Amino acid sequence: MSALSTAGPEAPEEPPLPLAIAFDNSYARLPARFYERVRPEPAPDPRLLVLNTTLADELGLDAGVLASPEGIAMLSGAEVPAGAEPLALAYAGHQFGQFVPALGDGRAVLLGEVIDRDGRRRDIQLKGSGRTAFSRRGDGKAVIGPVLREYLVSEAMSAFGIPTTRSLAAVATGETVHRDRPLPGAVLTRVAASHVRVGTFQYFAHRSDADGIRRLADYVIDRLYPEVAGAANPYAALLEAVALRQARLIAQWLAVGFIHGVMNTDNMAISGETIDYGPCAFMDAYEPGMVLSSIDRHGRYAYGRQPQIAQWNLARFGECLLPLLSEDRDAAVALAVERLSGFASAFEAAYFGRFLEKIGIADERPGDRDLVTNLLTAMQTGQADFTLAFRRLADCALADADAAPFLALFETPAGIETWLPAWQARIADDSRPPAEAAAAMRAINPAIIPRNHRVEAALDAIVENGDGSAYMRLLEAVTRPFEERPEDADLTAPPRPEERVAATFCGT
Ligand code: AMP
Ligand code: MG
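Residues numbered from 1 in each chain as written. Chains lettered and ligands numbered in written order. Predicted model: local features only at pLDDT ≥ 70, side-chain atom pairs only at ≥ 80, totals over all residues. Heavy atoms only, no water.

**Describing the overall build of the protein**
Stated formally: Here a helix means four or more residues in a row that DSSP labels H or I, a strand means two or more in a row labelled E, and each is numbered from the N terminus. Note on method: radius of gyration uses C-alpha positions; expected globular size equals 2.2 Å times residues raised to 0.38. Residue burial is assigned from relative accessible area. The probe radius is 1.4 Å, only protein chains are included, and a residue is buried under 20% of its type maximum, exposed over 50%, and partly exposed in between. All accessible areas in this document rest on Shrake-Rupley with a 1.4 Å probe, and a residue is counted as covered only by the protein chains that are shown. Neither His nor the chain ends contribute to the count of charged residues, in which Lys and Arg are positive and Asp and Glu negative. Think of each charge as sitting on NZ of Lys, CZ of Arg, CG of Asp or CD of Glu.
Counting its regular elements, the protein contains 18 helices and 12 strands. The C-alpha radius of gyration computed for the protein amounts to 23 Å, which stays within 12% of the reference 23 Å derived for 508 residues, consistent with globular compactness. Counting the 508 residues in the protein, one finds 56% classified as buried. Of the accessible surface of the protein, which amounts to about 19900 Å², a share of 53% is contributed by carbon and sulfur atoms. Side chains of the protein give 49 positive and 67 negative charges; the mean places of these two sets differ by 3 Å.

Below you can see the structure in the form of structure tokens.
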């Protein structure tokens, strides 16, 4: 329960654990109105489900200790290690376009921050460890399915090379959590460059707390965008830098067929990391209008709308910064508009940059973007599988290659049969040999993605039968996504019609 106060090195409520973590909690040094001090709720019977030993190592944490009873006690919320100062962060947000003035960490607790092996400051957060001052009517808990889903998808995104929050561990709490039915509870340990969101700025803007906005902006510049600190107008430079990171992020999402599903402003991290994996999904057949989230009834967050939505969210961010941009309101608005105006071209450059790489073109020439667009049009018409199309295309780089497996992905040959020889001629004429282009394509186009039907089946096996083997196999495969092994055939294959998942649920 939200026992306000005392956790901290000066007045520990419990004896310190042998877990030696060098916490350095910068957010806890911000004014008290930025968060609520809380203690995670203890789990009755914690059991480690999965531990990310590679990430633990990156963070300078001992994986062996994390897997021990003391470590599991921390990862389940039962014990607060020395130096942690657990906080629930305040934020607001637009949810499906509707402004909600007070959201906040209703089921998450920031344990503290560590400096990783590369010198980067990282948040360590428990998600699902009980109620906070921001829980409203929620129970503050999470359940095994969504926790393991977030773990899997975030680690896949990281393996694709896409900025994302990471997953350090998932622990079953031994508690029954009530949703539409009783479900096993779990806690995810999430790691982020920072959990500050667009919605964090909105929280202070809505309260006309100009001092809060300035402190938050200064905090963010110091932690995430030190390069803008010396700009003539650092806050305008921050706005532009955040927009650029988002433009690149969304281009990377589109390049792997990722649909976030809930791009509310509280789910957009200022760091430029993908955050809050709820009903997110990867599309199978290419369809720009694709919506998979069960809660996105009007397709606001459809695959192809994600760039516009990011821009909309950034406009909300810009509004929050207005008091910092200029004392004159009109001048501030003009400056915000100007600094956000680069989004569209930055997105387009990142998008085509990525898709040209996907089709193996090293040096862009006039007309190459049409090759990308025409391929996508043929894929849409032919209902081609997005992931496999790029993967099998690599096998067609040599003019005498067998193109049959690629062409077989298209329901109708119209379009693609004329596109392919044009592309082959272009590849033959590029600055590098076709065999090198093919190898580069295989290094950027994943073969293995967390396909919905595989994810759902793996989670069902755990929740219904306690069998984690399919999940662990899928997790191992998606974290080496560019390597296609013969035994992976069932993981790379698109769903058969009867296997297709029509909607994904976030099942909070
Ligand atoms: P999300 O859908 O994860 O982006 O969460 C939206 C808001 O609802 C955030 O403020 C969450 O903290 C809150 N929330 C979601 N699930 C719960 C829950 N089970 N208990 C309390 N708060 C929750
Ligand atoms: Mg959220």
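**Focus on the site of ligand 1**
Which entries qualify depends on this criterion: By convention in this text, a residue qualifies as near a molecule or strand provided that one of its non-hydrogen atoms is within 4 Å of it. Side-chain atoms alone can form a polar contact between residues adjacent in sequence; in general such a contact is a pair of N or O atoms within 3.5 Å, and within protein one must be able to donate a hydrogen while the other accepts it. Under the convention adopted here, Pro, Cys and the residues Ala, Val, Leu, Ile, Met, Phe, Trp and Tyr are nonpolar, Asp, Glu, Lys and Arg are charged, and Gly plus all remaining residues are polar. Domain boundaries shown here were taken from an automatic or database domain assignment.
The environment of ligand 1 is formed by 18 residues, the closest being Gly 104, Gly 106, Arg 107, Arg 136 and Gly 140. One of the side-chain nitrogen or oxygen atoms of Asp 139 is found 3.1 Å away from a nitrogen atom of ligand 1. Between ligand 1 and Arg 179, the relevant distance is 3.5 Å, taken from a nitrogen atom to a side-chain nitrogen or oxygen of the residue. Relative to its unbound accessible area of 480 Å², ligand 1 is 84% covered by the protein chains. The class makeup of the residues in the shell around ligand 1 is two nonpolar, eight polar and eight charged. Residue-level mapping places the shell around ligand 1 at the junction of two domains, with at least three residues from each of domain 1 (27–192) and domain 2 (205–351).

**Some details on the pattern of salt bridges**
Selection rule: Think of a salt bridge as a Lys or Arg side-chain nitrogen and an Asp or Glu carboxyl oxygen that are within 4 Å of each other.
By the definition in use, this model includes 47 salt bridges. Linking Glu 498 and Arg 496 is a salt bridge whose minimum nitrogen-to-oxygen distance equals 2.9 Å. Salt bridges sharing common partners tie together Glu 58, Asp 116, Asp 118, Arg 120, Arg 122, Glu 155 and Arg 166.

**As for the confidence of the model for the protein**
Applied cut-off: One confidence number per residue, pLDDT, is output by the predictor and ranges from 0 to 100. Between two residues, a contact is recorded if the distance between any of their heavy atoms is within 4.5 Å.
Across the protein, the average pLDDT comes to 95, with 96% of residues at 70 or higher. Per-residue pLDDT stays below 50 along residues 1–9; that stretch engages in 21 contacts with residues further than four places along the chain or on separate chains.

**Here's the deal with the nonpolar core**
Applied cut-off: We define a nonpolar core as any set of buried Ala, Val, Leu, Ile, Met, Phe, Trp, Tyr and Cys residues linked to one another through side-chain atoms lying within 4.5 Å.
Tyr 27, Phe 201 and Trp 423 are the most contacted members of the largest nonpolar core, which totals 138 residues. No other element matches helix 7 (residues 234–255), which puts 15 residues into this core. Excluding anything up to four places from it in sequence, Tyr 27 contacts Phe 34, Tyr 35, Leu 87, Leu 89, Leu 110, Glu 113, Val 196, Thr 200, Leu 216 and Tyr 219. Counting 23 residues, the second largest nonpolar core, distinct from the first, contains Ile 21, Leu 75, Val 114 and Ile 124.

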